[in-house]
Amino acid sequence: MLYNCFMEGRIEGGCFCGSVRYNFEKNNYLSSNCHCSVCRRISGAAFVSWMAIPKSCFKYTQGEPKKLTSSSHGSRYFCQDCGTPVVCLLEEYPEHTYVTICSLDKPEDFDPKGDMYTEDMLPWVKKGELKSST
Ligand SMILES: [Zn+2]
Ligand SMILES: [Zn+2]
């Protein structure tokens, strides 16, 4: 699949403290919530929402995250100052950089289109059934 990296504008994001900043070309990318146990433990959250960006469209504009080899086929990158998970690289998909949607400046613009590793999903996570407590 060929991506056009020249649509107008760039999507920006970064870690909590601002040491790491990145951006990538605006486009429609695959996105998904991952419920696997590695994502859960590394983020400290119930699941992680990812977006797959072609490597040629992605760049760091400030700082570089620290690498953590999280499995035999993948590594995670997080800010070494504040710990925000920013990026994941997978050996079987070497052409993509996986970005945490919630490290984007406007995560509300990127609704994950699916769920992965739903067999590992916590029983109290139910997509589409989240209720307001008020
Ligand atoms: Zn940081
Ligand atoms: Zn995962």
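Before reading further, recall that the structure is shown in the block above.
Residues numbered from 1 in each chain as written. Chains lettered and ligands numbered in written order. Predicted model: local features only at pLDDT ≥ 70, side-chain atom pairs only at ≥ 80, totals over all residues. Heavy atoms only, no water.

Colleague: An account of the coordination of the zinc ion (ligand 2) is requested, with residue identities and associated values reported.
Modeller: Every protein donor of the zinc ion (ligand 2) is accounted for by Cys34 (SG), Cys36 (SG) and Cys39 (SG), and the metal-donor separations fall at 2.2 Å. When the donors of the zinc ion (ligand 2) are listed by position in the chain, the intervening gaps give C-x1-C-x2-C. Judged by relative accessible area, Cys36 falls into the buried class, the value being 10%. A residue is classified by how much of its surface remains accessible, and Cys39, at 3% relative accessible area, is buried. (Donors = N, O, S within 2.8 Å, 3.2 Å for Na, K, Ca; no water. Buried < 20%, exposed > 50% of the residue type's maximum accessible area, 1.4 Å probe, protein only.)

Colleague: Break down the coordination of the zinc ion (ligand 1) for me, citing the residues and quoting the values.
Modeller: Here the zinc ion (ligand 1) is held by the protein donor atoms Cys15 (SG), Cys17 (SG), Cys79 (SG) and Cys82 (SG), which lie 2.3 to 2.4 Å from it. Bound by 4 donor atoms, the zinc ion (ligand 1) shows angles of 105 to 112° at the metal and therefore tetrahedral coordination geometry. The motif formed by the donor residues of the zinc ion (ligand 1), counted along the single chain, is C-x1-C-x61-C-x2-C. In this pair, Cys17 sits in the loop between strand 1 (10–14) and strand 2 (21–25) while Cys82 sits in the loop between strand 7 (74–78) and strand 8 (85–90), placing the two residues 65 residues apart along the sequence. For Cys17, a relative accessible area of 40% puts it in the partly exposed group. We classify Cys82 as partly exposed; its relative accessible area is 30%. (Tetrahedral: all angles 85-135°; square planar, octahedral: opposite > 155°, others 65-115°. Helix = DSSP H or I, 4+ residues; strand = E, 2+ residues; numbered from the N terminus.)

Colleague: Give me the lowdown on a nonpolar patch on the surface, citing residues and values where you can.
Modeller: Together, Val38, Ile42 and Leu68 line one region of the surface with nonpolar side chains, adding up to about 190 Å² of accessible area. Counting through the fold element by element, Ile42 comes out in helix 1 (residues 37–43). Residue classification places Ile42 among the partly exposed residues on the basis of a relative accessible area of 32%. (Patch = residues over 30% accessible without salt bridge, like charges linked within 9 Å, V, L, I, M, F, W, Y side chains within 5 Å. Areas by Shrake-Rupley, 256 points an atom, 1.4 Å probe, with all protein chains shown as cover. Salt bridge = Lys/Arg side-chain N within 4 Å of Asp/Glu carboxyl O.)

Colleague: An account of the environment of Leu90 is requested, with residue identities and associated values reported.
Modeller: By secondary structure assignment, the location of Leu90 is in strand 8. Here Leu90 falls in the partly exposed class, since its relative accessible area comes to 23%. In sequence terms Leu90 and Gly74 are 16 residues apart; their C-alpha atoms lie 4.4 Å from each other. If we skip the residues at most four places from it in the chain, Leu90 touches His73, Gly74 and Tyr98. (Contact = heavy atoms within 4.5 Å.)

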